[in-house]
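Chain residues, written in single-letter form:
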Amino acid sequence: MFFHLFIYRIKSSVRNVQLMFWTLAFPILLASFFGLAFSNLNKADAFSEIPIGVVKTGTFGADSTLQSHLDAVSSESDDPLLTITYYSTAEEAETALSDKQIKGFLVDDADGLHLHLLSNGLDETITKQFLDWYLQVSASVERIVRTNPSGAPAISGILEKNVTYITEQKTGANAPNSTLTYYYALIGMTCLYGAFMGLDQVSCVQANQSPAGARLNLAPVSKLKVFACSLCAVTLIQYLTILLLVAYLSFVLHVDFGNRIGFILLASFAGCCAGVSFGAVLGAVIKKGDGIKSGILIGSTMTMSFFAGLMQASIKYAAIKAAPFLAYINPAEWISDAFYALYYFDTYDRFFQNVALLFAFSFVMYLIVYAIMRRQQYASL
Amino acid sequence: MVVEVKNLVKRYGDLIALDHLDMEVREGEVFGLLGPNGSGKTTAINCILSLLSYDKGEILVFDQPMRPTSYQIKKDIGIIMQNVAVIDELTVYENIDYFCGLYVADKKKRAPLVEEAIDFVGLNDFRKFYPKKLSGGLLRRLNIACGIAHKPRLIILDEPTVAVDPQSRNNILEGIERLNKEGATIIYTSHYMEEVEQICSRIAIMDKGRIIAQGTKDDLKNMIRIGEKITIECLTGDPNDLIDAIGELPFVASADAREKNLLVTTERGHNGLSSLVQIVHDKGIQTGRVYCELPTLNDVFLEITGKELRD
Ligand SMILES: Nc1ncnc2c1ncn2[C@@H]1O[C@H](COP(=O)(O)OP(=O)(O)O)[C@@H](O)[C@H]1O
Ligand SMILES: [Mg+2]
C-alpha cells in the first residue's frame, strides 16, 4: 500500500506543471538571472582604487574594528580597493561628494553605519559591497557574542580570517562576496517553496478541499496514513529539486559552497522539511480558495526570503541589526544562514543550530497539522 | 438490510438539511432518491458514508453501525460522487488503478479489475488520456470506473448524469442496470424523474430534508388522487363551454381548457376516456387528437408538495 501511494504521489506531483514551475523552474530562472547580473558586476577586475570619504565623528573612533577593516582595504594595504579621505563633518563630505572628489562616504552615527552615494555606477556598487560585507561580519559577531558569550576569543579569529578574505579578493581565489547572500537566500526561498508541495498534499486528502480528497476519505484507508505517504513522496521530490538547484548553482554558475558536501545535503534536507511542513500548515488552516492559499504562500515565503537577503543583501544585515528576533523566527534566514555558516566557519555550532531550528520548526508544524487533520468527519463540505 | 437510516438530523448552522430522515435500502434493489436541487440528497449520502457528522440519528450499513473507521464496511462500498473526483495528473488507467489500489492492495488481483472497469465504461480507446482531454460524458464515465473497479456490493451514485450528453447518459444508465444484475445493490440519486422511473425498483421522494413518499413507482402513483390525464383537441367549438358540464362528472378530478385543447384529469381507478369523448361529440364538437397519459412522479411530487419537481 505504501509503495502504491508513494509511486502515484510522485507521478502526479512531478506531472503537476504549476507545482514544478514554482519549486524547480522558477528558482533556476531566478538563479540564472542572478548569475547574469553578478557576472557583469564581477567584471570589476580592472578597476582602479575607488575614492571614498569617511566622516570621523566622535563615535567613529570607538569602533576599532571598522578602522582596521578600512585600513585593510585602503591605501594602507598592499592591495588597495579604496582610497580613503577622512572628514570631520558630514557637510564637508557632502561637498566633496557633490564635487565628485569622492564616490561616496561613510558615516557612523547613532543609528549605525550609513553609506551615502551619488549615483549607481559600478564603483559605488563595489563600495556598497564592502559595506554589506562589513555589516554582515559585524552582525555575525554580534550574534555569536549574544548566543555564546564565552566564545569571544573565536571572534577575533573570524575577523582576521575575513580581513584576509577581502585582501584576497583581487587575487581572484575563493573570495567571499555579497553575491553569496543572494544565492543562499535563493536556496532558502526554494526550500520554502516546498510549501507548494505540502499545500497540495493537504488538499488531496481533505474531503472539504477537493473531490478526490472526498473519495479518499470514503476508502478503507486512514487518510493520515495516505497523507504521511504523500509527504514522504513530495519531500523526496522537493529534496531532489533542491539538489538540482545546488548543482546548477555550483557547476553552472560557479557559486562557492565550500566543500563539505554531507553538510550541504543535510542543510538542504532540513530546509525541505521546513518548507513542506509550512505548506501543510497553510493548507490545513486555510480551507477554501486555491488562489488565496497560493497568494498567502508566495507572500509569506517572499517576505521571509526578503529578510534573508534575497532582493538586497544589505536588508539581511539591516534586519538583523534592527530586530534580531526576526532572524530567530525566519526559516528562510535559518536556511541561508546554515549555508553561510558552512562557508565561513570551521566550526559547526552555528550550522547545527540552524539545522536544529529547521527540524524543530517542521516538527511543530506537523503537530499543528495533525491536530487539525485528525478529525475524521466533516461538519460541512 | 443494506442501509438503514433512522431519525437522521443534520444541520448546517440554522439550516436543517436533513429533518428526521428515515430510509431503508434492501439487498439487490436499485433504490432511487428523487428530489429537487437542495432537497438534501447529497447530504444524506454523505452522512450515510460517515463523511459528514450529523446531529442525531442512527445509520447501519450491512447491519453494522457506520463510522469513519468502519474500513470493513467501506471495502464493500463504491461511491460515485456528484463532483468528478479524479486526479488530473494521472491518466485514465492510472486513475482507476490508483483508486482501486486503496481497496485492493494486491497488484496482481487489481490488474484484471482495472481492465474490467475500463471495459465496462467503454474507455478502452482513452486509457492513456489525461482527464483534461476527456469530454464531459467520458469524464463522468471515468469517475464511475474509479468508484466501481473494486467490485463493491453497494454502489452509491450521486447525480451521475448531470451535464452529460444523451449517449453517455444511456451508457451510464445501462451500466447501472448491469451492475445491479451482477448482484450489486444500488443507491441512485437524481432530480430527473424519468431516469429514476426508468431504472429504480424502489423510489424515495425527498423534499426539504424529508422523505415525503416511498415505494415502487406504482405505489407512489397510487398515493395520489389523479388516475389519468386526458387531452382532447376540439376542432370546432370552444372547449371552455364544456368545462362546467365535465367538471360535474363523478370521476373527474379537474377540467380545464388551454387554446383548442380540453384538459381533464380523472380520479384514480376510473377510466373515463370513452365517456368523455362521447360527451364532446354530443355537444356537436368535432375532435382531433385524443390522448391519455398516466401520471408521472412529477404529478406525485406536485400533489404532495404543491410545487413542481423541476422549477
Ligand atoms: N456545506 C454546506 N453549508 C451550508 N449549507 C449547505 C452545505 N451543503 C449543502 N447545504 C444546504 O443543504 C441543503 C441540502 O443540500 P444538498 O444535500 O446538496 O442537496 P441536493 O444534493 O439534494 O441538491 C441545501 O439547502 C443546501 O443549500
Ligand atoms: Mg446533490
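Residues numbered from 1 in each chain as written. Chains lettered and ligands numbered in written order. Predicted model: local features only at pLDDT ≥ 70, side-chain atom pairs only at ≥ 80, totals over all residues. Heavy atoms only, no water.

### Quick word on the pairing of strand β13 (residues 261-267) of chain B
Residue and element names in this part refer to chain B.
- As paired elements, strand β11 (residues 226-234) and β13 share six bridges and run antiparallel to each other. When the bridges of β13 are listed, Thr231 appears paired with Leu263.
- In textbook terms, the turn of a hairpin is the stretch between consecutive antiparallel strands, and for strand β12 (residues 252-258) and β13 this stretch comprises two residues, one of which, Glu259, has a positive phi near 50°. (Pairing = 2+ DSSP bridges. Helix = DSSP H or I, 4+ residues; strand = E, 2+ residues; numbered from the N terminus.)

### Brief notes about a nonpolar patch on the surface
Residues and elements named next belong to chain A.
- On the surface, Val285, Phe363, Val364, Leu367 and Ile368 cluster together to form a nonpolar patch covering roughly 450 Å² of accessible area.
- In terms of residue count, the dominant contributor to the nonpolar patch is helix α16 (residues 349-373) (four residues).
- Within the secondary structure, Leu367 is located in helix α16.
- Note on Leu367: relative accessible area 47%, which makes it partly exposed. (Patch = residues over 30% accessible without salt bridge, like charges linked within 9 Å, V, L, I, M, F, W, Y side chains within 5 Å. Areas by Shrake-Rupley, 256 points an atom, 1.4 Å probe, with all protein chains shown as cover. Salt bridge = Lys/Arg side-chain N within 4 Å of Asp/Glu carboxyl O. Buried < 20%, exposed > 50% of the residue type's maximum accessible area, 1.4 Å probe, protein only.)

### Overview of the sheet that holds strand β7 (residues 154-158) of chain B
Residues and elements named next belong to chain B.
- Strand order in this open sheet of six strands is β6-β7-β8-β3-β9-β10, and the pairing throughout is mixed. Every other strand in the sheet has two partners, leaving β6 (77-80) and β10 (210-215) as the edge strands with one partner each. Averaged over all pairs of adjacent strands, the angle between strand axes in this sheet comes to 15°, irrespective of strand direction.
- Here strand β9 (residues 202-207) pairs with β10 via five bridges, running antiparallel. For Met206, the partnering residue across the bridge sits in β10 and is Ile211.
- Packing against the sheet, helix α1 (residues 41-48) makes contact with β3 (30-34), β7, β8 (185-190) and β9, and its axis sits at approximately 150° to β8.
- Sheet strands in contact with helix α5 (residues 136-148) are β6 and β7, and its direction is about 165° off that of β6. (Axes fitted to C-alpha atoms, helices over the stretch in contact; angles between N-to-C directions. Contact = heavy atoms within 4.5 Å.)

### Side note on the pairing of β6(B)
All names here are of chain B.
- Residue alternation in β6 divides its side chains into two sets, Ile77 and Ile79 and Gly78 and Ile80, and both sets are buried.
- Sheet topology places β6 next to β7; four bridges connect them, and they run parallel. Note that in β7 the partner of Ile80 across the bridge is Leu157.

### With respect to the coordination of the magnesium ion (ligand 2)
All names here are of chain B.
- Around the magnesium ion (ligand 2), the donor atoms from the protein are Thr42 (OG1) and Gln82 (OE1), and they sit 1.9 to 2.5 Å away. Placement of Thr42 in helix α1 and of Gln82 in the loop between β6 and α3 (92-101) is noted, with a sequence separation of 40 residues between them.
- By relative accessible area, Thr42 is classed as partly exposed at 24%.
- The partly exposed category is assigned to Gln82, whose relative accessible area is 29%. (Donors = N, O, S within 2.8 Å, 3.2 Å for Na, K, Ca; no water.)

### Thoughts on the packing of aromatic side chains
- Here the structure, examined in full by the defined rule, presents 28 aromatic pairs over all chains.
- Seen from their ring centres, A:Tyr184 and A:Phe257 are 5.7 Å apart, and the 40° between their planes marks the pair as tilted. Highlighted residues: A:Tyr184 in helix α7 (residues 179-193) and A:Phe257 in the loop between α10 (223-252) and α11 (261-285), separated in sequence by 73 residues.
- Taking the centre distance of 5.8 Å and the plane angle of 75° together, the rings of A:Trp334 and A:Phe361 count as edge-to-face. Of the two residues, A:Trp334 sits in helix α15 (residues 331-344) while A:Phe361 sits in helix α16, which places them 27 residues apart along the sequence.
- The exposure class assigned to A:Phe361 is buried, which follows from its relative accessible area of 14%.
- Here the guanidinium or amino end of B:Arg178 rests over the ring plane of B:Phe120, the centre of that ring lying 4.4 Å away. (Phe/Tyr/Trp six-rings, centres within 6.5 Å; stacked < 30°, edge-to-face > 60°. Lys NZ or Arg CZ within 6 Å of the ring centre and 35° of its normal.)

### Here we look at the environment of B:Asp241
- The residue B:Asp241 is located in helix α9 (residues 240-247) in this model.
- Counting along the chain gives 16 residues from B:Asp241 to B:Ala257, while the straight-line C-alpha distance between them is 9.2 Å.

### Side note on the packing of α3(B) against helix α4 (residues 107-121) of chain B
Residues and elements named next belong to chain B.
- The interhelical angle for the contact between α3 and α4, taken along N-to-C directions, is 130°, at an axis separation of 10 Å. In terms of orientation, α3 and α4 fall into the oblique class. Handedness of the crossing formed by α3 with α4: right-handed. Of the residues in α4, those in contact with Tyr93, Ile96, Asp97, Cys100 and Gly101 of α3 are Arg110, Leu113, Val114, Glu115, Ala117 and Ile118.
- Taken together, the residues that form the contact of α3 with α4 break down as seven nonpolar, one polar and three charged. (Parallel < 35°, antiparallel > 145°, perpendicular 65-115°, else oblique. Left-handed = near helix turned anticlockwise from the far one by under 90°. Nonpolar A, V, L, I, M, F, W, Y, C, P; charged D, E, K, R; others polar.)

### Some thoughts on the pattern of salt bridges
- Across all of its chains, the model carries 17 salt bridges over all chains by this definition.
- The partner of B:Lys151 in a salt bridge is B:Glu116, and the shortest N-O contact between them spans 2.5 Å. Of this pair, B:Lys151 sits in the loop between α5 and β7 while B:Glu116 is found in helix α4, placing the two residues 35 residues apart along the sequence.
- Relative accessible area serves as the criterion here: at 40%, B:Glu116 is assigned to the partly exposed category.
- Of the charged contacts in the structure, one is a salt bridge between B:Glu195 and B:Arg169, with a shortest N-O distance of 3.2 Å. Of this pair, B:Glu195 sits in helix α7 (residues 193-199) while B:Arg169 sits in helix α6 (residues 166-181), placing them 26 residues apart in sequence.
- Here the salt bridges do not stand alone but share partners, grouping A:Lys11, A:Arg15 and B:Glu94 into one network.

### Comments concerning the interface of chain B and chain A
- Every contact between the two is made by 35 residues of chain B and, on the other side, 28 residues of chain A.
- In this assembly, chain B packs against chain A so that about 2900 Å² is buried in total across both faces, 61% of it on carbon and sulfur atoms.
- Here chain B is connected to chain A by two salt bridges.
- As a salt-bridge pair, A:Arg15 and B:Glu94 come within 2.6 Å of each other at their nearest N and O atoms.
- Joining chain B to chain A, the criterion identifies 17 residue pairs in polar contact (both at pLDDT 80 or more).
- If one sorts the elements of the side of chain B that touches chain A by residue count, α3(B) sits on top with five residues.
- When grouped by side-chain class, the residues that make up the side of chain B that touches chain A number 19 nonpolar, nine polar and seven charged. (Buried area = accessible area lost by both parts, 1.4 Å probe. Polar contact = N/O pair within 3.5 Å; in protein donor to acceptor, adjacent residues only side chain to side chain.)

### Let's talk about helix α11 (residues 297-305) of chain B
- Restricting attention to buried positions, one finds in α11(B) the residues B:Leu297, B:Asn298, B:Asp299, B:Val300 and B:Phe301.
- Looking one or two residues past α11(B), B:Gly306 carries a phi angle of roughly 80°, positive in sign.

### Examining the domain arrangement of chain B
- Under the domain assignment, chain B is made up of domain 1 (3-221) and domain 2 (226-294).
- Put simply, the middle of domain 1 of chain B and the middle of domain 2 of chain B, counted by C-alpha atoms, are 43 Å apart. (Domains from an automatic or database assignment.)

### Looking at the sheet that holds β12(B)
Residue and element names in this part refer to chain B.
- Across the sheet, which stays open at both edges, the four strands sit in the order β12-β13-β11-β14 with antiparallel pairing between neighbours. Looking at which strands have only one partner, the edges of the open sheet turn out to be β12 and β14 (287-293). When the angles between neighbouring strand axes are averaged without regard to direction, this sheet yields 15°.
- Seen against the sheet, α9 touches β11, β12 and β13 and runs at an angle of roughly 175° to β12.

### A short note on the site of ligand 1
- Among the 13 residues in the neighbourhood of ligand 1, the closest are listed as B:Gly38, B:Gly40, B:Lys41, B:Thr42 and B:Thr43.
- At the site occupied by ligand 1, the surrounding residues belong to chains A and B.
- In isolation ligand 1 offers 560 Å² of accessible surface; the protein chains occlude 66% of this area.
- When contributions to the shell around ligand 1 are tallied by element, the ones reaching two or more residues are β2 (15-25) and α1 of chain B. (Near = heavy atom within 4 Å.)

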